[in-house]
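Below are the chains, spelled out letter by letter.
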Amino acid sequence: MTGQTSNVPVAGVAMTAVGVAVIRARETARADRLYADPLAQAFADAARAGFGEQRWARLTALADQFYEGRTVGVRLVDDRFRAAVDAGIGQFVLLGAGLDTRAFRMDLPARVRIFEIDLPETFAFKEPVLDRVGAVASCGRHVVVADLRSDWQKALLDSGFRTDLPTSWIDEGSLGRLTQQWNQRVVTTLSGLSAPGSLFGASRLIAEPDGARYRELRRMVADVAPDVEVPLEPVAEADFDIERWLGELGWDTEFRSWNEMVAGLGRPVTLPDPRIGTIAAVRRAD
Ligand SMILES: C[S@@+](CC[C@H](N)C(=O)[O-])C[C@H]1O[C@@H](n2cnc3c(N)ncnc32)[C@H](O)[C@@H]1O
């Protein structure tokens, strides 16, 4: 094993990134995979020893429960990402990047620059693994160590982000974890940083925060035993009216239902609620 075991995020929100890497590793191993993320297994292998056997079994069981929907979600974001590159966008910001490896795995052109924002504990684990396996990004990659609840704008600008270029903002599960107040602040901040033509894809999830898998996720994040009850997250995502906010902040929005987006992917992930989907937003010229 490596000497990184002490850096493994075994609890806290950064731990959720390990779960998503496990999901991407599982997808990558399939013959009918929707995408390939060869680095995901390296992250899973590096994390495993830090978790210990029982906790790892809990994490992988949880990843299994989220697998179908989450892995299709990765593919949908890949498709949006490529479409944005093809449309000429060169600046991307991952809000809560976790163990994302798009800078390495998508063969993106050198003109593309990806800014990865996440907490220090995420990068304390991620960067040594990338170094150890010798991963080389095909495009520009900027690590932005910041908490989205603090002044992440300064950290982003200090990393070389340009406000005069259109940006594609990617939220793949982080905004849903912030309180509504912080969601609003993040959206307001990114709107102020967005040149005309910028893109933002926000998920509208009708969360089941009381469901068994979400309860177990909260327990693992809080680092408590499987039978301990943990409080619900403060925001029900169904109340998160990002479409209206984006409109007021100068974005044109279009809702795309999840069922419509996954129709061609051949996976059993359609949902009974047609309100679930993505709000695709384009920044208007002022
Ligand atoms: C479910 S993971 C998803 C990671 C990545 N987007 C992916 O799909 O693999 C959520 C990520 O958001 C990060 N995150 C949560 N709250 C954050 C905050 N306040 N500031 C920065 N990052 C945060 C976590 O550390 C974690 O890496």
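Scroll up to find the structure.
A. Structural detail: the side chain of Glu27. Structurally, Glu27 can be placed in helix α1 (residues 15–28). According to the relative accessible area criterion, Glu27 is buried, its value standing at 0%. In contact with Glu27, other than residues within four places in its own chain, are Asp32, Arg33, Leu34, Tyr35, Tyr67, Thr71 and Arg267.

B. Summary view of the pairing of strand β1 (residues 91–95). Burial runs high along β1: five of the five residues are buried. The pairing of β1 with strand β2 (residues 113–118) spans five bridges and is classified as parallel. In the strand pairing of β2, Leu94 is matched with Glu116. Pairing of β1 with strand β4 (residues 167–171), which is carried by five bridges, proceeds in the parallel orientation. Counterpart to Leu94 in the pairing with β4 is Ile170.

C. Inspection of the pairing of strand β7 (residues 277–283) at higher detail. β7 sits mainly inside the fold: six of its seven residues count as buried. Bridging between strand β5 (residues 199–204) and β7 involves six bridges; their strand directions are antiparallel. Counted as the bridge partner of Leu199 is Val282 from β7. Taken together, the seven bridges between strand β6 (residues 251–257) and β7 define a ladder with antiparallel strand orientation. Across the sheet, the residue bridging to Asp252 is Val282, located in β7.

Rules of the game
- Residues numbered from 1 in each chain as written.
- Predicted model: local features only at pLDDT ≥ 70, side-chain atom pairs only at ≥ 80, totals over all residues.
- Heavy atoms only, no water.
- Helix = DSSP H or I, 4+ residues; strand = E, 2+ residues; numbered from the N terminus.
- Buried < 20%, exposed > 50% of the residue type's maximum accessible area, 1.4 Å probe, protein only.
- Contact = heavy atoms within 4.5 Å.
- Pairing = 2+ DSSP bridges.

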